[in-house]
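Listed here are the chains, written in short residue letters.
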Amino acid sequence: MELSLSLIVLLPLAGMLVLFGFGKRIGEPGAGIIATLAVVGSFVIAGVLALDFFNGDGPVETVRWFEWLPAFGVEAELRWDQLSALMTLVVTGVGSLIHLYSIGYMHGDPGFGRFFTYLNLFITSMLILVLANNFALLFVGWELVGLSSYLLISFWFERDTAAAAGKKAFIVNRVGDVGFIVALMLIFSVFGSLGFDTVFEGARRGELTVGMATAIALLLLVGAAGKSAQLPLYVWLPDAMEGPTPVSALIHAATMVTAGVYMVARTGAIFELAPIAAATVAIVGGATALFAATIAIAQRDIKRVLAYSTISQLGYMFMGVGAAAYVAGVFHLMTHAFFKALLFLGAGSVIHGMSDEQDMHKMGGLARKMPITFATMAIAWLAISGIPPFAGFWSKDEILAVVFERGGLWQVLWGVGLVTALLTAFYMTRMMWLTFFGEARWEDGVEPHESPRLMTIPLVVLAGLSVVGGLVNTPFKTTLEHFLDPVFEAVHLAHAPDGSLAWILAAVSVAAGIIGIGAAALRYRSRVPAEGGLGWRLLGNGYYIDDLYAGVFARGGKLGAAWLAFRLDVRGIDGAVEGIGSLTRRAGGWLRPLQTGFVRSYGLAIIAGAVGLLAWFLSRGAL
Amino acid sequence: MTVTPGWYMALAAVLFVIGAGGILLRRNALVMFMSVELMLNAVNLTFVAAGRELNVLEGQVSVFFVMVVAAAEVVVGLAIIVAVFRRRQTASVDELAELRG
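What follows covers the overall build of chain A. Summing up its helical and strand segments, chain A has 24 helices and 2 strands in all. Burial analysis of chain A (623 residues in total) assigns 52% to the buried set. The long-range share in chain A, meaning contacts at least 24 apart out of those at least 6 apart in sequence, stands at 82%.

Written out as C-alpha cells, the structure reads:
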C-alpha cells in the first residue's frame, strides 16, 4: 500500500526527471511515450488502489514520507481517501489521454521533449496537491501547479504574447496565494497544526469561533478564486490560451483550475462553520458563471470561447460547493473534466487541421472534413448544454436543484444559474455552427484534414466518458454520493429535492438548454450574421475588464513604483542620506575657523578652560 | 617671619603663570618647551610642599612620576623639534600652522 501509493506520485516524477535529463536526446516520439507511460502507470495503480473504495470498505490510508516541518506539526504525508482517490483518477485518467493526444499534437515541435517534461511536472504537482494530508503539502502542490502552468502557458516563449500570458497567470495567481497563505497562518494560529485531521476535528469540536471561521474561509476563497479563475481574479485564464492546446485542455480546463473547488470541498468542515463565507463562495460562483458566459457569446477565437466557458463552468462548481453541495460540486468537476477536455482537444484538432487558424469566422463546414472530431465534439456540446443523458446534464442539474432547494435568496442564484445554462447552450451552439456547419470560409491555402489516429483516440474515449460519465450520480442511483459519503460524513451536505419538484427543475433546465441551442441554431443556421455593434464589441472585449485592470492596477502599480523609485527613493531616502552628509560638511565648515593651527591659541583655550573650571569649582565651594 | 606652606603655594602659582605666559607669548618651540618644564616644576613644588605639610609620602612619590614622564616627553619633543628644524630651518611655531582648518 505504502509503496504503491507513493508510486502514484513518484512515477510522473521519475518521468519528469528522466525527460529533464535526456528529453532532448530521446526526442520524438520516445519522450512522449515515456511521459504517457508514467501517467498511465499512475492511473492504473490509482485504479487498483481505489477498488476497495468502490467495494465500499476501503479505510483511509496515509503514507508518511518523512518528517518535514515538525514545528508546524507537518509531515510529508499522503492521504488516500475517497475524495483524493477520485481526484487522482480524474487527473491521471484525463492526463493520460491528453498525454497521448499531445504526442500527435506536438509532432515536429522543436520543444517536444521539454513539453513532456513540463506535462509530467504538472501531473506530479497536481497529484501532490490532491494527495496531500496537510495544508502545507497542499500548498506546495498548489504552487507547483502554478509553476507548471506558467511554464506551459509560455511554452512558446519566443512569442511575446505567450511570455506575457505566462507572467500574467503567475502574477494573478500570486494575488490569490496571498489570501491562501494568510488563511494558513490563521489556521495554524488557531489549531497549532496544519494537518487535515487535527484541523477538521478541531473545527468540529468547536475550537473555531464563527468570526475566525469566516475570516479563514474568505481568505481560502481568495486563494481558490485565483487558482480557479473566479471573479475578480479570472483574467489570466483567457490569456492562458496562448499555451499549446493540450495544455489548455489538461491544466486550464480539466484539472488545475478545479483545485480551488477541490480545496473548498476538502475544507468543508471550516466552511460549514461560516455560512456567510459559504454563501459568498456561491455568489462569486454564480456571478462568475453568468459574467463569463456572456463574454463567451462574442468571442471569435475558438479557444477563447472555451476559456470563458471554463470560467463559467467553474462558477457552477463554486455555486455547488458554496451551497454545501460538495458532492454535486465535485461531480460537476468530474464531468466537466471529461467534456471540457474533449472540447479543448477537439478544438486543438480543428486548429491542427486548419493550419493553426483559431478564428471561427474563418472556419465553417468542417463537419464533413473532420468527421471524428465533429462527432466527438458534438457529444461534448450536448453534454455542456445540459441535454440528458449526457454527463453535463446530471451534474449541472444537481447543483441547480440543490441551490433551489436551499430556498430564500438562494433561488435568485438558481435563476442566475438557469440563465447561464441558457447562455451556455447558446454560445456552444454558436461555436459548433461557426466551426462545423455552413459554408466554408477558409482562407486560401488551408486544406482541412482529420487529425491522426493518435489524436482522435483520446477524443473518442473522452466522448464515451462524456456520454456515460454522468450516470455515476443520477437521482435514481447516487453512486458517487455513496462513494464520497465517508469523506463528507461529518459535514452537513445540502441535498437535491425529491419527487415532482426534481422533475420540474430538471425539465426547466433542459428547456433552458434547448432554448439556447434553438436560438443559436436559428441565428447561425444559414449564414454568419454580422457581429458588430456596441454590444458585441463590449462582450467581445470581455467588458474591457483587462483594460480596466491594466489602467487601474498595472498603471497604478507602475505609477506607484515610479513614485517610489524616482520620488521617495531619490528625494526621500537618498535625500536623507545625502542631507546628513552635507549637514556634517556644513557644520564642519562652521567649526573649521576654530582650528587656527597656532599652538598659542590652543594653549590659550586650554588655560582658559582650566581657569574656567577652577572658577566654577570655587564658586560652588567645592575646593 | 616663618615660611609657611602658603609661600610655597604662592611661589608655585607665580612659576606656573610665568610658564603659561611663556607658552602663550613665545614663538620659539624650544623656549615653549622650557615654559612647559617650568609649569610642571611649579606643580611639583606644590606636591612636595603639600606632602610635607600633611606629613604624607605621596607628594614626593607623585613628583617622581611627573619627573619621569617629563623626561620622556622631553626626549620625544626635542626629537620632533630637531626633525622639524632640519626640514624647515626654523623652530617658530607660528610657521608650523599646517593644521589650520
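Here the narrative resumes, following the displayed structure.
Moving on to the packing of helix α5 (residues 135-153) of chain A against helix α6 (residues 160-191) of chain A. All names here are of chain A. For the pair α5 and α6, the least separation of the axes is 8 Å and the interaxial angle reads 170°. Taken together, the axes of α5 and α6 lie roughly antiparallel to each other. Residue-level inspection shows Phe 135, Phe 139, Trp 142, Gly 146, Ser 149, Tyr 150 and Ile 153 of α5 in contact with α6, the latter providing Ala 162, Ala 165, Gly 166, Ala 169, Phe 170, Asn 173, Phe 180, Leu 184 and Ile 187.

Nonpolar side chains in soluble globular proteins tend to end up buried together. In this structure, Ala217(A), Leu220(A), Ala341(A), Leu342(A), Ala380(A) and Val403(A) are the most contacted members of the largest nonpolar core, which totals 210 residues. The element contributing the most residues to this core is helix α15 (residues 326-353) of chain A, with 17 residues. With sequence-adjacent residues up to four places away left out, Leu220(A) is seen in contact with Phe180(A), Ala183(A), Met263(A), Val264(A) and Thr267(A). Of all hydrophobic cores here, the second largest spans 5 residues; its members include Ala20(B), Ile23(B), Ala29(B) and Met32(B).

Now for the confidence of the model for chain B. Any segment with low pLDDT has predicted coordinates that should not be analysed in fine detail. Confidence along chain B averages 90 in pLDDT terms, with 99% of residues attaining 70 or more. For this predicted complex, the interface confidence score (ipTM) comes to 0.82, while the overall pTM stands at 0.80.

Moving on to the packing of helix α3 (residues 82-105) of chain A against helix α19 (residues 453-468) of chain A. All names here are of chain A. As a packed pair, α3 and α19 sit with axes 7 Å apart at the nearest point and diverge in direction by 155°. The angle between α3 and α19 places the two elements in the roughly antiparallel class. Considering the relative orientation of α3 and α19, their crossing is left-handed. Here Leu 97, Ile 98, Leu 100, Tyr 101, Ile 103, Gly 104 and Tyr 105 of α3 lie close against α19, whose contacting residues are Leu 454, Met 455, Ile 457, Pro 458, Val 461 and Leu 462. A class-by-class count of the residues in the contact of α3 with α19 yields 12 nonpolar, 1 polar and no charged.

So, about the pairing of strand β2 (residues 74-80) of chain A. For β2(A), a buried count of 5 out of 7 residues is recorded, marking the element as mostly surrounded by other parts of the structure. Counting the residues between successive antiparallel strands, the hairpin from strand β1 (residues 61-69) of chain A to β2(A) contains 4 residues, one of them, Gly73(A), with a positive phi of roughly 60°.

Now for unusual backbone geometry. All names here are of chain A. Residues Glu 28 and Pro 29 are joined by a peptide bond in cis, for which omega reads -10°. In this model, Pro 388 is joined to Pro 389 through a cis peptide bond whose omega is 5°. Looking at where Pro 389 falls in the secondary structure, it is placed in the loop between α16 (371-384) and α17 (391-405). The phi dihedral of Ala 229 falls on the positive side, at around 55°, and the residue is not glycine. Within the fold, Ala 229 resides in the loop between α8 (210-227) and α9 (236-239). Here Ala 229 falls in the buried class, since 30 other C-beta atoms lie within 10 Å of it. We note that Ala 324 has phi near 65°; this positive angle belongs to a residue other than glycine. One can find Ala 324 in the loop between α14 (302-322) and α15.

Conventions used here
- Residues numbered from 1 in each chain as written.
- Chains lettered and ligands numbered in written order.
- Predicted model: local features only at pLDDT ≥ 70, side-chain atom pairs only at ≥ 80, totals over all residues.
- Helix = DSSP H or I, 4+ residues; strand = E, 2+ residues; numbered from the N terminus.
- Buried ≥ 20, exposed ≤ 12 C-beta atoms within 10 Å, placed from the backbone.
- Contact = placed C-beta atoms within 7 Å.
- Axes fitted to C-alpha atoms, helices over the stretch in contact; angles between N-to-C directions.
- Parallel < 35°, antiparallel > 145°, perpendicular 65-115°, else oblique.
- Core = buried A, V, L, I, M, F, W, Y, C linked by C-beta atoms within 7 Å.
- pLDDT = per-residue confidence, 0-100.
- Left-handed = near helix turned anticlockwise from the far one by under 90°.
- Nonpolar A, V, L, I, M, F, W, Y, C, P; charged D, E, K, R; others polar.
- Pairing = 2+ DSSP bridges.

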